[in-house]
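# Residue-level structural notes
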Amino acid sequence: MAVEIKTLVHYPDLYFKKYATVIKNGFTMKDDKKTRDLTETFEMISCDDKSELRILAIGTGQGLVDEVIIDLVSARFKAVVYVVVEPAEAELQKFKDMVSVKAGQDQWKNVTFKFLCTTIEEFLDTRTKAKTTEGFDVVHTIHSPYHFTDPHGSLVELYGILDKGGMLFVMLVAGPWERTNVKIGEYYFDPKVHFFGMSAVREKFLEQIKDAKIMTKFRAKRFRINECFQEDSEEGNDMLDCITEILDFRKTAPKEVADAVFDVIKENCVKSGDDIMFGVDEEDMLAFK
């Protein structure tokens, strides 16, 4: 039976410290392949007869991926409304700061931003109570559904607030990291974190929205985790905590749990010279209304 724990999401300062370690070892939220995929995705949106493009961005963090998206849509559309829903105030402020810098560089002049420091659940509840009918052309959520209270239900609701011809765009882990998540979920649970990946989300979405037109894009990615196999390495333990989303995983996990998780991690590594590379694949799901 899975044991309830507090994952790293409850310790934001420690989370971002550990996240910096995986970035140092090659993990990135922005890369050439992702930029090409984003470009292809957002070029699918027709600009015919649209005086204004409305985008809802859920769980953006500081807006690292959004920067690419906004560059793309601001170049194609006369006017863009970009509504940001992000519950972490510090991350939202970084997004606002980025927008200010862009404004100082005379960029994104045709984009109107609305920043909401709230959760997806609060956002959808407010819309329901206000009987809001205004929809969106694009709704995107990038590596955020893990933290939704009801990820499957919320994605269906987000699809429901699309205008006709609109696109729901979801990006999640796939492949090795997804398999690692699933293994961890056999032993632990946290109401604020779901240990899954795109396979489970796509399957559940299609069960609930049977007529949705779906496209997917897959990206194979890896980063170096040599130090994860060195018990006394602070950097390795930080990376391990980030992979598992569990604080002090090596120290706190029972031996049988640690062994099972390490077995999955090892199975999903490849050697590249002297480096041990762990797969952090991503998959995009595009659902058109």
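The structure reproduced in this document is the subject of the present report. Nothing here was measured: the structure is a model prediction, and the numbers come from that model. (Residues numbered from 1 in each chain as written. Predicted model: local features only at pLDDT ≥ 70, side-chain atom pairs only at ≥ 80, totals over all residues. Heavy atoms only, no water.)

## Focus on the overall build of the chain
Secondary structure assignment for the chain yields eleven helices and twelve strands. Taken against the 2.2 N^0.38 rule, which gives 19 Å for 289 residues, the C-alpha radius of gyration of the chain at 19 Å falls within 12% of a compact globule. Its C-alpha atoms put the chain at 60 × 40 × 30 Å along the principal axes. Out of the 289 residues belonging to the chain, those deemed buried represent 51%. The contacts in the chain between residues at least 6 apart in sequence include a share of 80% that link residues at least 24 apart. A total accessible area of about 13,900 Å² is found for the chain, and carbon and sulfur atoms account for 51% of it. For the chain, the distance from the average position of its 39 positive side-chain charges to the average position of its 51 negative side-chain charges is 3 Å. (Helix = DSSP H or I, 4+ residues; strand = E, 2+ residues; numbered from the N terminus. Rg over C-alpha atoms; globule rule 2.2 N^0.38 Å. Buried < 20%, exposed > 50% of the residue type's maximum accessible area, 1.4 Å probe, protein only. Contact = heavy atoms within 4.5 Å. Areas by Shrake-Rupley, 256 points an atom, 1.4 Å probe, with all protein chains shown as cover. Lys, Arg positive; Asp, Glu negative; His and termini not counted. Charge placed at Lys NZ, Arg CZ, Asp CG, Glu CD.)

## Thoughts on the sheet that holds strand β11 (residues 275-279)
Spatial ordering of the open sheet is given by β9-β11-β10, a layout of three strands whose pairing is antiparallel. With partners counted over all chains shown, the strands left at the sheet margins are β9 (222-224) and β10 (269-272), one partner each. Averaged over all neighbouring strand pairs, the angle between strand axes comes to 35 degrees, with direction disregarded. The pairing of β9 with β11 spans three bridges and is antiparallel. Bridged to R222 within β11 is G279. In the packing of helix α7 (residues 175-185) onto the sheet, contacts are made with β9 and β11, and the angle to β11 comes to roughly 75 degrees. (Pairing = 2+ DSSP bridges. Axes fitted to C-alpha atoms, helices over the stretch in contact; angles between N-to-C directions.)

## Focus on the sheet that holds strand β3 (residues 80-85)
The strand order β4-β3-β2-β5-β6-β12-β8 describes an open sheet built from seven strands, whose pairing is mixed. Of all the strands in the sheet, just β4 (111-116) and β8 (213-219) have a single pairing partner and so form its edges. Sheet twist, expressed as the mean angle between neighbouring strand axes with direction ignored, is 15 degrees. Sheet analysis places strand β2 (residues 53-58) next to strand β5 (residues 136-142), joined by four bridges and oriented parallel. Residue pairing across strands places I58 opposite T141, the latter belonging to β5. On top of the sheet, helix α3 (residues 64-76) reaches β2, β3, β4 and β5; it is set at about 165 degrees to β3, its chief contact. Sitting on the sheet, helix α8 (residues 198-208) is in contact with β6 (162-173), β8 and β12 (282-288), with an inclination near 15 degrees to β12.

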